[in-house]
Amino acid sequence: MAAAEPERPAGAATARRLARGCWSAFWDYETPKVIVVKNRRLGVVYRAVQLLILLYFVWYVFIVQKSYQDRETGPESSVITKVKGITASEHKVWDVEEYVKPPEGGSVFSIITRIEVTPSQTLGACPESDRVADATCDSDEDCAAGHLDMLGNGVRTGRCVPYYRGASKTCEVSGWCPVEDGASVSQFLGKMAPNFTVLIKNSIHYPKFQFSKGNIETRADGYLKRCTFDEVSHLYCPIFKLGFIVERAGENFTELARTGGVIGVIINWDCDLDLSASNCNPKYSFRRLDPKHVPASSGYNFRFAKYYKINGSTTRTLIKAYGIRIDVIVHGQAGKFSLIPTVINLATALTSIGVGSFLCDWILLTFMNKNKVYSHKKFDKVCTPERSSGSWPVTLALVLGQAPPPPCSCSADPGQAGRPQDEGESRAQAGLSPWPCSTSAPSEQMVDASEWGAGPGPCASEPPQDSRLADPRGLARL
């Protein structure tokens, strides 16, 4: 007698059934089923969501953002600047060659408005500035010889000497003497500076669209020699007064000239190339770029020196300059109609309208009364009937709901047992396979609910036990 096979664990069998079910469900095909629900509140929600989505895409996406265009940002740009004007300080007259740094006329330049001059510096030994940490002393023991302070003005000699003014003493250093803080003289150049004129010549190019344009009027009658910038009447005369730039940036010119600062001149080229080139115009804006409210780093200054020889010894004049630095910043974008972004955004808009259906389905399946009735009507399972090689048209028509229900190959009534067999034989003679018996209620597309149990017929069967399917008033209350 053969030994009985050991029983396999129940968990393994369950796992195999689950795997088979998942594999079978993977090959199922799903298609939408249209059901009309007569519910005014749900219809209002559905149309309101569709309207909001439509307004968003029409107004914001297509009109405001112009998403039907192909776009290019960051144009290729060149900037040339030129400053004109003269001014005077307490001691001399200053022209452009002296107060504009650097003189090349690039997109970043400085206009000097105040200076602190330390004249006639020579290499030697002198007292250190009292602003340097640990520079004050009482005796030579307080000054270490050879010590070099990175924030000081030279190498300490080890001597403690009287300061330039007052009774205090500081350590002596070897370097350029006298040091800056001990003998500097301040001069203000900002008296006439508001009337300086600044020419900003700018040209841009968008390589994707092969479009170029400049900000200067193409006229040969000396137009630029007698015009100044105005947003309405002289847009293409980019000659700005320095006082106008500072005022448009919201700053006080006198205060800015004394402490220094950085002003940004921003040129924006936002061009719609579906229109004519005359509609692509520069837009100017001005603002201060440096943090003026931070005491530790407010203002703008720099140092430079002028060297010369006196009696064969090298001498220099050290200048600490405060000024207004101008940064010319160019940016922009250009757009032109293109079929690809238009199609993409139209497809996105049409797809997004389906959000209304998803939201209403979720409300019906979750919150509405009779949600189980709606769920049963919405989700149907249709099994493809068996067919012979020549029966595919009838099978396809049955699946699409375009053919009458087939007769069953089995019957609950013994008296009707012969009829399906006879009809099956006639179908076989016609080249069609007999229809298998369905064990579940057919879907609404195949059999009308009123035909269940309608009397004798080729495939009469009992109506379903679920009263919600037999009672059509359940859906009517939706």
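All figures in this text were calculated on a predicted structure; none of them were measured in a lab. (Residues numbered from 1 in each chain as written. Predicted model: local features only at pLDDT ≥ 70, side-chain atom pairs only at ≥ 80, totals over all residues. Heavy atoms only, no water.)

This part is about the overall build of the protein. When you go through the protein residue by residue, the secondary structure sums to 13 helices and 16 strands. Counting only residues that meet the buried cut, the protein has 34% of its 478 residues in that class. Sequence separation of at least 24 residues holds for 68% of the intrachain contacts in the protein that already meet a minimum separation of 6. Accessible surface, the protein: about 30,000 Å² in total, of which carbon and sulfur atoms supply 57%. (Helix = DSSP H or I, 4+ residues; strand = E, 2+ residues; numbered from the N terminus. Buried < 20%, exposed > 50% of the residue type's maximum accessible area, 1.4 Å probe, protein only. Contact = heavy atoms within 4.5 Å. Areas by Shrake-Rupley, 256 points an atom, 1.4 Å probe, with all protein chains shown as cover.)

A grouping of Asp138, Asp140, Glu141 and Asp142 is seen on the molecular surface, where their side chains present a negatively charged patch. Tracing the backbone shows Glu141 in the loop between strand E6 (108-127) and strand E7 (154-162). (Patch = residues over 30% accessible without salt bridge, like charges linked within 9 Å, V, L, I, M, F, W, Y side chains within 5 Å. Salt bridge = Lys/Arg side-chain N within 4 Å of Asp/Glu carboxyl O. Lys, Arg positive; Asp, Glu negative; His and termini not counted. Charge placed at Lys NZ, Arg CZ, Asp CG, Glu CD.)

With that out of the way, let us pick up the packing of aromatic side chains. Following the criterion strictly, the structure yields 19 aromatic pairs and no others. Centroid distance Phe240 to Tyr284: 5.3 Å. Interplanar angle 65°. Geometry classified as edge-to-face. With a gap of 44 residues between them, Phe240 in strand E12 (residues 239-241) and Tyr284 in strand E14 (residues 282-288) connect regions that are remote in the sequence. Of the two residues, Phe240 and Tyr284, both sit in the buried class. Taken together, the aromatic side chains of Phe229, Phe240, Phe244, Tyr284 and Phe286 make up a single cluster linked through ring pairs. (Phe/Tyr/Trp six-rings, centres within 6.5 Å; stacked < 30°, edge-to-face > 60°.)

Once that is clear, we can look at the pattern of salt bridges. Enumeration over the complete set of coordinates arrives at 11 salt bridges. Residue Glu98 is joined to Lys92 by a salt bridge in which the shortest nitrogen-to-oxygen separation is 2.5 Å. Relative accessible area serves as the criterion here: at 21%, Glu98 is assigned to the partly exposed category. Where Glu180 meets Arg303, a salt bridge forms, and the shortest distance between an N and an O atom there is 3.1 Å. Of this pair, Glu180 sits in helix H4 (residues 180-183) while Arg303 sits in strand E15 (residues 301-310); the two residues are 123 residues apart in sequence, bridging distant segments of the chain. Its relative accessible area of 11% is what places Glu180 among the buried residues. Counted as one network, the salt bridges with shared partners bring together Glu251, Arg288, Asp290 and Lys292.

Attention now moves to the side chain of Arg316. Tracing the chain through its elements places Arg316 in strand E16 (residues 313-337). Among the polar contacts made by the side chain of Arg316, one reaches the side chain of Tyr307 at a distance of 3.3 Å. Apart from the residues within four sequence positions on either side, Arg316 is in contact with Thr118, Pro119, Ser120, Gln121, Trp176, Ala305, Lys306, Tyr307 and Tyr308. (Polar contact = N/O pair within 3.5 Å; in protein donor to acceptor, adjacent residues only side chain to side chain.)

One can find Ala193 in the loop between strand E9 (185-188) and strand E10 (197-206). Linking Ala193 and Phe253, residues 60 residues apart in sequence, is a C-alpha distance of 9.1 Å. Setting aside residues up to four positions removed in sequence, Ala193 forms contacts with Thr87, Thr113, Leu242 and Phe253.

We now examine the environment of Lys283. Within the secondary structure, Lys283 sits in strand E14. Through-space distance from the C-alpha of Lys283 to that of Gly332 is 9.7 Å; in sequence the pair is 49 residues apart. Those residues within four positions of Lys283 in sequence are excluded, and the remaining contacts are Ile266, Ile267 and Asn268.

The positions that UniProt labels "transmembrane region" (unreviewed entry) are, in the present scheme, residues 44-62. The span residues 44-62 shows a helical share of 100% and a strand share of 0%, and its end C-alpha atoms are spaced 26 Å apart. (UniProt positions renumbered as here; feature names shortened; annotations may be inferred.)

Along the chain, Lys101 connects to Pro102 via a cis peptide bond; the corresponding omega equals -15°. Its location among the elements puts Pro102 in the loop between strand E5 (100-101) and E6. The omega angle of the peptide bond from Cys177 to Pro178 is -5°, so this bond is cis rather than trans. Considering the arrangement of structural elements, one finds Pro178 in the loop between strand E8 (169-177) and H4. The residue Asp134 is not glycine, and still its phi comes out positive at about 60°. Relative to the helices and strands, Asp134 resides in the loop between E6 and E7. In this structure, Gln210 takes a positive phi of about 55° despite not being glycine. Topologically, Gln210 is positioned in the loop between E10 and strand E11 (211-214). By relative accessible area, which is 62% here, Gln210 ends up exposed.

By the alternation rule, side chains of E11 split into Phe211 and Lys213, which are all buried, and Ser212 and Gly214, of which none is buried. With 4 bridges connecting them, E10 and E11 associate as antiparallel partners. In the sheet register, Ile204 faces E11, and the bridge partner there is Lys213. Counting the residues in the hairpin turn of E10 and E11 gives 4 residues, including Gln210, whose phi is positive at 55°. (Pairing = 2+ DSSP bridges.)

Here we take up the packing of helix H2 (residues 40-64) against helix H8 (residues 355-366). For the pair H2 and H8, the least separation of the axes is 8 Å and the interaxial angle reads 155°. One way to sum up the angle between H2 and H8 is to call them roughly antiparallel. For the element pair H2 and H8, the recorded crossing hand is right-handed. Across the interface between the two elements, Leu42, Val45, Tyr46, Val49 and Ile53 from H2 touch Val355, Gly356, Ser357, Leu359, Cys360, Ile363 and Leu364 from H8. Here the residues of the contact of H2 with H8 are counted per class, giving 10 nonpolar, 2 polar and no charged. (Axes fitted to C-alpha atoms, helices over the stretch in contact; angles between N-to-C directions. Parallel < 35°, antiparallel > 145°, perpendicular 65-115°, else oblique. Left-handed = near helix turned anticlockwise from the far one by under 90°. Nonpolar A, V, L, I, M, F, W, Y, C, P; charged D, E, K, R; others polar.)

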